[in-house]
Amino acid sequence: MGVAVSMENVSRTFSSSGGPVRALADISLDVESGSFVALVGQSGCGKSTLLRAITGLDTGYTGRLTVDGEPVTGVDSHRGIAFQEPRLFPWLSVEQNIGFGLRLPTKERNQRIAELIEMVELTGFERARPSQLSGGMAQRVAIARALAPRPRVLLLDEPFGALDAFTRARLQDALQDIWLREGVTAILVTHDIEEAVTLAQRVVVMTPRPGRIQQVLDIDLSYPRNRADPQVTEYRRMLLKAFHLDRSAAVPTQEIQ
Ligand SMILES: Nc1ncnc2c1ncn2[C@@H]1O[C@H](COP(=O)(O)OP(=O)(O)O)[C@@H](O)[C@H]1O
Ligand SMILES: [Mg+2]
């Protein structure tokens with residue numbers, strides 16, 4: 001398969017009024033082509049900083065960062081990104097938003113847009129404006145827009161973080177199906193442990209100050225995955241342990257009546 005994204009001692013320090021902030025320290029990680037990796041960690045551990053570096057939005061890092069063997073020096077259409085907020089163009093329709101950065105002859109372009117609209121289940125909403133969409137629908141448009149130019153890497157920064165639990169679960173399932181269908185390398189930033197375990201083949205646990213990789217957990221489960229599967233629950237428990245959030249072994253201090 002080969003390596004899609006390679007990071008070797010990637011570090012990023014920001015200068016701020018309170019002194020330098022070491023957002024990332026010595027991140028080394030290889031992401032296999034076509035794989036699904038999740039970066040998990042509490043707020044401030046450098047997840048967005050790392051994603052911005054991979055996308056090419058921030059080139060102030062040190063160390064080696066390559067995508068398909070090429071150093072990242074700026075944004076390009078091989079890397080698609082979606083954020084927590086959909087960031088759609090309010091004056092454009094759903095299909096215009098999806099096709100915004102798509103440089104293709106008209107026929108192919110229309111075909112690709114139609115395919116994406118079907119994939120994200122927005123048939124019937126082609127001409128709707130963002131203000132007419134629910135949060136979940138708008139996020140589907142944002143993901144379709146990121147996928148439109150068939151990027152080699154899809155980067156997602158807490159894409160479902162602002163959605164209610166039911167919508168989030170449905171969009172996670174949709175993302176799983178999309179990833180299986182498109183064969184794209186996916187890197188998902190999330191602080192939702194269940195989301196990471198349900199979707200990713202590898203979960204990278206990060207810790208803050210400075211942002212480092214604490215642990216990489218391989219999730220050895222086939223797809224399609226089901227969050228209610230006991231094996232998913234078992235991996236979820238392992239991750240909760242990594243974050244010291246598993247209280248099953250704790251001795252109760254007081255019997256509950
Ligand atoms: N442009 C910036 N200037 C100064 N500090 C920054 C900047 N971007 C991020 N940081 C700091 O770097 C650390 C990591 O931030 P971030 O990557 O956004 O974390 P996460 O996405 O995991 O919540 C935080 O301490 C944050 O305050
Ligand atoms: Mg972030």
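Just so we're clear, the structure is a prediction, and the values are computed from it rather than from any experiment.

Engineer: Explain the side chain of serine 6 here, please?
Structural biologist: One can find serine 6 in strand 1 (residues 3-16). Owing to a relative accessible area of 17%, serine 6 belongs among the buried residues under this scheme. Within the local environment of serine 6, its side chain forms a polar contact with the side chain of aspartate 30, the two groups lying 3.0 Å apart. Setting aside residues no more than four positions away along its own chain, serine 6 makes contact with Leu29, Asp30, Arg64, Leu65 and Thr66.

Engineer: What's the story with the site of ligand 1 in this structure? I'm lost.
Structural biologist: Every residue close to ligand 1 is listed here: Phe14, Val21, Ala23, Gln42, Ser43, Gly44, Cys45, Gly46, Lys47, Ser48 and Thr49. In the environment of ligand 1, an oxygen atom lies 3.2 Å from a nitrogen or oxygen atom belonging to the backbone of cysteine 45. In the environment of ligand 1, an oxygen atom lies 2.5 Å from a nitrogen or oxygen atom belonging to the side chain of threonine 49. Its free accessible area being 560 Å², ligand 1 has 61% of it covered by the protein chains. Looking at the shell around ligand 1, the elements with two or more residues in it are strand 2 (19-32) and helix 1 (47-55). Top element by residues in the shell around ligand 1 is helix 1. It accounts for 3 residues.

Engineer: Looking at this structure, how should I read the sheet that holds strand 5 (residues 70-71)?
Structural biologist: Whether parallel or antiparallel, the strands of a sheet pair through hydrogen bonds between backbone atoms. On the basis of which strands lie adjacent, the open sheet formed by 4 strands has the order 2-1-4-5 and antiparallel pairing. Looking at the sheet topology across the chains shown, the edges are occupied by strand 2 and strand 5. Direction of pairing for strand 4 (residues 62-67) relative to strand 5: antiparallel, over a ladder of 2 bridges. In the strand pairing of strand 5, valine 67 is matched with glutamate 70.

Engineer: Any chance you could explain empty space enclosed by the protein here in plain terms?
Structural biologist: With a probe scaled to a water molecule rolled over the atoms, the places where space remains empty come into view. One pass over the full model with this rule turns up 1 cavity of 30 Å³ or more. Roughly 40 Å³ of internal volume is contained in the largest cavity. Per element, the largest residue contribution to the lining of the largest cavity is 4 residues, and it comes from helix 5 (residues 165-182). Looking at the lining of the largest cavity, its residues break down into 7 nonpolar, no polar and 1 charged. Viewed by domain, the lining of the largest cavity spans two of them, domain 1 (1-78 + 153-160 + 173-245) and domain 2 (89-150), each represented by three or more residues.

Engineer: Help me understand the packing of aromatic side chains, please; the structure alone is not making it clear to me.
Structural biologist: The description of an aromatic ring pair rests on the distance of the ring centres and on the angle between the ring planes. In the structure shown here, the tally under the stated rule is 4 aromatic pairs. Each ring, one from phenylalanine 36 and one from tryptophan 179, has its centre 5.4 Å from the other, and the planes form 75°; the classification is edge-to-face. Remark: tryptophan 179 occurs in helix 5 and phenylalanine 36 occurs in strand 3 (residues 36-40); sequence separation between them is 143 residues. Classification of phenylalanine 36 as buried rests on a relative accessible area of 1%. Given the relative accessible area of 7%, tryptophan 179 is considered buried.

Engineer: I tried to follow the pattern of salt bridges on my own but got confused; where do I start?
Structural biologist: When charged atoms on two side chains of opposite charge get close, those side chains can pair. Taken as a whole and judged by the stated rule, the model has 15 salt bridges. Across the pair glutamate 115 and arginine 112 runs a salt bridge, and its minimum N-O distance is 2.7 Å. Taken as a pair, glutamate 115 and arginine 112 lie in helix 3 (residues 106-119) at a separation of 3 residues, close to a single helical turn. Judged by relative accessible area, glutamate 115 falls into the partly exposed class, the value being 28%. Residue arginine 112 is classed as buried on the basis of its relative accessible area, which comes to 3%. The residue arginine 168 makes a salt bridge to aspartate 192 at a minimum N-O spacing of 3.3 Å. Note that arginine 168 is positioned in helix 5 and aspartate 192 in the loop between strand 8 (185-190) and helix 6 (193-199), a separation of 24 residues in sequence.

Engineer: Please clarify how the packing of helix 3 against helix 5 should be interpreted in this entry.
Structural biologist: Describing two packed helices takes the angle between their axes plus the distance from one axis to the other. One can describe the packing of helix 3 onto helix 5 by two numbers: an axis separation of 11 Å at closest approach and a directional angle of 140°. By the criterion of interaxial angle, the relationship of helix 3 to helix 5 is oblique. Here helix 3 contributes Arg112, Glu115, Glu118 and Met119 to the contact with helix 5, which in turn contributes Ile178, Arg181 and Glu182. A breakdown of the residues in the contact of helix 3 with helix 5 according to their chemical character gives 2 nonpolar, no polar and 5 charged.

Procedures and definitions
Residues numbered from 1 in each chain as written. Chains lettered and ligands numbered in written order. Predicted model: local features only at pLDDT ≥ 70, side-chain atom pairs only at ≥ 80, totals over all residues. Heavy atoms only, no water. Helix = DSSP H or I, 4+ residues; strand = E, 2+ residues; numbered from the N terminus. Buried < 20%, exposed > 50% of the residue type's maximum accessible area, 1.4 Å probe, protein only. Polar contact = N/O pair within 3.5 Å; in protein donor to acceptor, adjacent residues only side chain to side chain. Contact = heavy atoms within 4.5 Å. Near = heavy atom within 4 Å. Areas by Shrake-Rupley, 256 points an atom, 1.4 Å probe, with all protein chains shown as cover. Pairing = 2+ DSSP bridges. 1 Å grid on protein atoms, 1.4 Å probe; cavity = no way out; pocket = protein on both sides within 12 Å on 5 of 7 lines; lining within 4 Å. Points joined across faces, edges and corners; volume = space filled by probe spheres on them. Nonpolar A, V, L, I, M, F, W, Y, C, P; charged D, E, K, R; others polar. Domains from an automatic or database assignment. Phe/Tyr/Trp six-rings, centres within 6.5 Å; stacked < 30°, edge-to-face > 60°. Salt bridge = Lys/Arg side-chain N within 4 Å of Asp/Glu carboxyl O. Axes fitted to C-alpha atoms, helices over the stretch in contact; angles between N-to-C directions. Parallel < 35°, antiparallel > 145°, perpendicular 65-115°, else oblique.

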